[in-house]
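Observations on chain architecture
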Amino acid sequence: MISRVFGAAVLAAGVSFVPLVQVGPAAAGGVAVNVHNMAFTPAKVQVPVGGTVTWTFPDKVQHTTTSTQGFWNSGAKSAGGTFSHSFASAGSYSYRCTFHSMMRGAVNVPVSASGTPSAGWRLRWSTVPGAGGTTFDVQVRRPGSSAWTPFRTDTTRATAKFNPGLNGKYAVRARTTDGQNSGWSPLRSVKIT
């Protein structure tokens, strides 16, 4: 009953939340991925901006968690080793084991939104401003359109106010560039009234 009331309140506020893909146990303050039997379990997880993923390596066989886009590399781990990575900015981050090409996974980090449909939204795509070559691209899909339009391009800003003049439901996505691009983040929907 509480979850239905909460869900109705969230929908009334005009914010859509993408369901969590993670099905494994949560690590303290984040999401846990088990690296076991030649697989990442779960293979796809979602964390909020600033969230952490912790990989645990119980096998005696060595594995890695290595970003295919160059954002992190755990190095070889085995026999109870762990590796944690915090995702400070929105995007879709694919990864693999460098020893076993069939082992692949992804971490999805959506843009966060706080505000109301009538007052507008504060969109957050990073916990900190970009520095040292890190930039962000943010796009918006307007009501009734299938095309994405730039909201911020190559920005170092971490947040921005979003309150367009046209009422309706908007989709927002972002990606991070730090030498290479992440994939686009999962869609975040915001409503303007």
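Calculation criteria
Residues numbered from 1 in each chain as written. Predicted model: local features only at pLDDT ≥ 70, side-chain atom pairs only at ≥ 80, totals over all residues. Heavy atoms only, no water. Helix = DSSP H or I, 4+ residues; strand = E, 2+ residues; numbered from the N terminus. Buried < 20%, exposed > 50% of the residue type's maximum accessible area, 1.4 Å probe, protein only. Contact = heavy atoms within 4.5 Å. Areas by Shrake-Rupley, 256 points an atom, 1.4 Å probe, with all protein chains shown as cover. Pairing = 2+ DSSP bridges. Axes fitted to C-alpha atoms, helices over the stretch in contact; angles between N-to-C directions. 1 Å grid on protein atoms, 1.4 Å probe; cavity = no way out; pocket = protein on both sides within 12 Å on 5 of 7 lines; lining within 4 Å. Points joined across faces, edges and corners; volume = space filled by probe spheres on them. Nonpolar A, V, L, I, M, F, W, Y, C, P; charged D, E, K, R; others polar. Patch = residues over 30% accessible without salt bridge, like charges linked within 9 Å, V, L, I, M, F, W, Y side chains within 5 Å. Salt bridge = Lys/Arg side-chain N within 4 Å of Asp/Glu carboxyl O. Lys, Arg positive; Asp, Glu negative; His and termini not counted. Charge placed at Lys NZ, Arg CZ, Asp CG, Glu CD. Core = buried A, V, L, I, M, F, W, Y, C linked by side-chain atoms within 4.5 Å. pLDDT = per-residue confidence, 0-100.

Considerations on the overall build of the chain
The number of helices and strands found in the chain is one helix and 16 strands. Looking at the chain residue by residue over its 193 residues, the buried ones come to 46%. Look at the contacts in the chain between residues 6 or more apart in sequence, and 57% of them connect residues 24 or more apart. For the chain, the exposed area adds up to about 9,500 Å²; of that, 56% sits on carbon and sulfur atoms.

A word on the sheet that holds strand E14 (residues 159-162)
Reading across from one edge, E10-E11-E14 is the order of the three strands in this open sheet, with antiparallel pairing throughout. Of all strands in the sheet, those with a lone pairing partner are strand E10 (112-116) and E14, marking the two edges. Here the strands of the sheet are splayed against their neighbours by 20° on average, with no regard to which way each runs. Here E10 pairs with strand E11 (residues 120-124) via five bridges, running antiparallel. Residue pairing across strands places alanine 113 opposite leucine 123, the latter belonging to E11.

Here's the deal with the pairing of E11
Looking along a regular strand, one sees the side chains alternate between the two faces of the sheet. Counting the residues between successive antiparallel strands, the hairpin from E10 to E11 contains three residues. Relative to E14, E11 runs antiparallel, the two being bridged by four bridges. Bridge pairing in E14 links leucine 123 to alanine 160.

Focus on the sheet that holds strand E2 (residues 30-36)
Strand order in this open sheet of four strands is E3-E2-E5-E7, and the pairing throughout is mixed. Of all the strands in the sheet, just strand E3 (39-41) and strand E7 (81-87) have a single pairing partner and so form its edges. Recorded for the sheet is a direction-independent mean angle of 20° between the axes of neighbouring strands. In the sheet, strand E5 (residues 51-57) pairs with E7 via seven bridges, with the strands oriented antiparallel. Counted as the bridge partner of tryptophan 55 is phenylalanine 83 from E7.

Let's talk about the layout of surface pockets
In this structure, the largest pocket occupies an estimated 210 Å³ of space. Considering the residues around the largest pocket, the lining is formed by 16 residues, among which Phe71, Ala88, Ser89, Tyr93 and Thr176 are closest to the centre. Broken down by element, the lining of the largest pocket gets its largest block of residues, three residues, from E7. Here the lining of the largest pocket is built from residues that sort into eight nonpolar, seven polar and one charged.

Some words on a positive patch on the surface
A contiguous patch of positive charge on the surface is contributed by Arg122, Arg124, Arg157 and Lys161. Within the fold, arginine 122 resides in strand E11. Exposure remark for arginine 122: the relative accessible area of 34% places this residue in the partly exposed category.

Describing the nonpolar core
Judged by nonpolar contacts, the single largest core of 37 residues is most densely connected at Trp55, Phe87, Val107, Leu123 and Trp125. Look past the residues within four positions of leucine 123 in its chain and what remains in contact with it is Val111, Ser112, Ala113, Phe151, Ala158, Thr159, Ala160, Phe162, Val172 and Val190.

So, the environment of glycine 80
The residue glycine 80 is located in the loop between strand E6 (66-67) and E7 in this model. Between the C-alpha atoms of glycine 80 and aspartate 59, which are 21 residues apart in sequence, the distance is 7.1 Å. Sequence-distant contacts of glycine 80, that is, excluding residues within four places in its chain, are made with Phe57 and Pro58.

A closer look at the pattern of salt bridges
Scanning all chains against the criterion turns up one salt bridge. Between arginine 175 and aspartate 137 there is a salt bridge, and its shortest N-O distance comes to 3.0 Å. Within this pair, whereas arginine 175 is found in strand E15 (residues 168-177), its partner aspartate 137 is found in strand E12 (residues 135-141), the two being separated by 38 residues in sequence. A relative accessible area of 23% places arginine 175 in the partly exposed class.

Thoughts on the confidence of the model for the chain
For the chain, the average pLDDT comes to 88, and 85% of its residues sit at 70 or higher. Overall, residues 1-28 carries pLDDT values under 50, and its contacts beyond four positions in sequence, including any with other chains, amount to 38 contacts.

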